[in-house]
Amino acid sequence: NSVAPKIVSSELLAGQNWSVAITPNDGLLDGETKYSNNLTVLSLGPLGTSGNPFLIYNCSDLNNTRNNLTAYYRLEQDIYCNVTGFNSGVGFVPLYVFAGNFNGSNKLIYNLYINNSGNVGLFDSTQTTFSVYNLGLVNVDITGTTYAGSFCGNECQGNFTQVFSTGKVFGTTESGGLIGRCNNRCDINNSYSRANASSPGNRAGGLLGASNVGIIT
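To start, this report covers the structure provided alongside it. Just so it is clear, the model here is predicted, and its values are computed rather than measured.

With that settled, consider the sheet that holds strand β14 (residues 174–176). What the three strands build is an open sheet, ordered β12-β14-β17; its pairing is parallel. Each edge of the open sheet is held by one strand with a lone partner, namely β12 (147–149) and β17 (203–205). When strand polarity is set aside, the average angle formed by the axes of neighbouring strands in this sheet is 5 degrees. In this structure, β12 lies alongside β14, joined through three bridges in parallel fashion. Among the inter-strand pairings, Tyr 147 is bridged to a residue of β14, identified as Glu 174.

Here is the structure:
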């Protein structure tokens, strides 16, 4: 009369040693327990959560955030986007309908270049759940055919906290140093822009080109 093998283990944290005790399926209730060699459990890596965000080390990592637009991200160091793949042609392609959380960690993104049709900015548009904070965009060079901003072009919603920009922004319809156009609800807190925002259209502003509703503090 054989019995099912027993496997006994426990949950543990990354970096701890793991061992397992197995009672062999030999038909004896008092079968000998065997122990495995210790194994080191390694971290599974960032999960894109609040407590374990995806990490950004370069402009390619920044570009890859478009693969998960609802995740949490953290900038780990100053990054430079005047590199091959992002410094010619249309440049950096704006992140479309971003709904996640972007922690700049008081770091800087240098030389963001965008020359594209439509709404342009680091983020093309954002959702109400969006949040970006503690981030500076230095020496941006951004041109779009409709709405343009260093951080967000159009349909901009969510929270922009302790962010700033320098450089130049041009949008045919509306242009803002930080945001081209706020829609629905767009809150700007403790932020500023020294970017030169221009537009042949009706609106251009130091912080934003236009806003339906929002709060600036």
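Next, the rest of the story.
Throughout the structure, instances matching the rule amount to 10 aromatic pairs. Ring geometry for Phe 54 versus Tyr 73: centroids 5.5 Å apart, planes at 40 degrees, classification tilted. In this pair, Phe 54 is assigned in strand β6 (residues 54–56) and Tyr 73 in strand β7 (residues 72–75), connecting sequence segments 19 residues apart. The class of Phe 54 is partly exposed, set by a relative accessible area of 25%. Using a relative accessible area of 5% as the deciding quantity, one classes Tyr 73 as buried. Three or more aromatic residues joined by ring pairs make a cluster, and in this case those are Phe 54, Tyr 73, Phe 98, Phe 102, Phe 123, Phe 130 and Phe 160.

Another aspect to go through is the pattern of salt bridges. Proximity of charged atoms lets side chains of opposite charge pair with each other. Summed over all chains, the structure comprises four salt bridges. Arg 203 serves as the salt-bridge partner of Glu 174, at 2.7 Å between the closest nitrogen and oxygen. Of the two residues, Glu 174 is situated in strand β14 and Arg 203 in strand β17; the sequence distance between them amounts to 29 residues. Using a relative accessible area of 2% as the deciding quantity, one classes Glu 174 as buried.

As for its position among the elements, Thr 146 is in the loop between β11 (131–144) and β12. Judged by relative accessible area, Thr 146 falls into the partly exposed class, the value being 24%. Taking the C-alpha atoms as reference points, Thr 146 and Gly 201, separated by 55 residues in sequence, lie 9.1 Å from one another. When residues no more than four places from it in sequence are discounted, the contact partners of Thr 146 are Gly 118, Asn 119, Gly 171, Thr 172, Thr 173 and Glu 174. Polar contacts involving the side chain of Thr 146 include one to the side chain of Asn 119, which spans 2.8 Å.

Further remarks concern the nonpolar core. Counting 39 residues, the largest nonpolar core has Leu 62, Phe 92, Leu 122, Leu 135, Phe 160 and Ile 179 as its most contacted members. Looking at this core, the element that brings in the most residues is β11, giving five residues. Apart from residues no more than four positions distant in its own chain, Phe 160 is found in contact with Thr 126, Phe 130, Val 132, Phe 151, Cys 152, Ile 179, Cys 186, Asp 187, Ile 188, Asn 189 and Ser 191.

For the rest of this paragraph, the subject is the state of the cysteines. Within this structure, the stated rule accounts for three disulfides. Here Cys 59 is linked by a disulfide to Cys 81, with a sulfur-sulfur distance of 2.2 Å. Around the S-S axis, the bridge from Cys 59 to Cys 81 shows a dihedral of about 105 degrees and counts as right-handed. With Cys 59 in helix α1 (residues 59–64) and Cys 81 in the loop between β8 (79–80) and β9 (101–110), the pair connects residues that are 22 residues apart, well separated along the chain. You'll find Cys 59 and Cys 81 in the same group, each marked buried. Covalently, Cys 182 is tied to Cys 186 through a disulfide, its sulfur atoms 2.3 Å apart.

Quick look at the pairing of strand β13 (residues 156–171) now. Strand direction decides the pairing type here: β11 and β13, joined by 11 bridges, are parallel. Opposite Leu 135, over in β13, you have Val 163 as the bridge partner. Bridge count between β13 and strand β16 (residues 192–198): seven bridges; the pairing is parallel. The partner of Ser 165 across the bridge, within β16, is Ser 193.

The rules behind each value
- Residues numbered from 1 in each chain as written.
- Predicted model: local features only at pLDDT ≥ 70, side-chain atom pairs only at ≥ 80, totals over all residues.
- Heavy atoms only, no water.
- Pairing = 2+ DSSP bridges.
- Helix = DSSP H or I, 4+ residues; strand = E, 2+ residues; numbered from the N terminus.
- Axes fitted to C-alpha atoms, helices over the stretch in contact; angles between N-to-C directions.
- Phe/Tyr/Trp six-rings, centres within 6.5 Å; stacked < 30°, edge-to-face > 60°.
- Buried < 20%, exposed > 50% of the residue type's maximum accessible area, 1.4 Å probe, protein only.
- Salt bridge = Lys/Arg side-chain N within 4 Å of Asp/Glu carboxyl O.
- Contact = heavy atoms within 4.5 Å.
- Polar contact = N/O pair within 3.5 Å; in protein donor to acceptor, adjacent residues only side chain to side chain.
- Core = buried A, V, L, I, M, F, W, Y, C linked by side-chain atoms within 4.5 Å.
- Disulfide = S-S within 2.5 Å.

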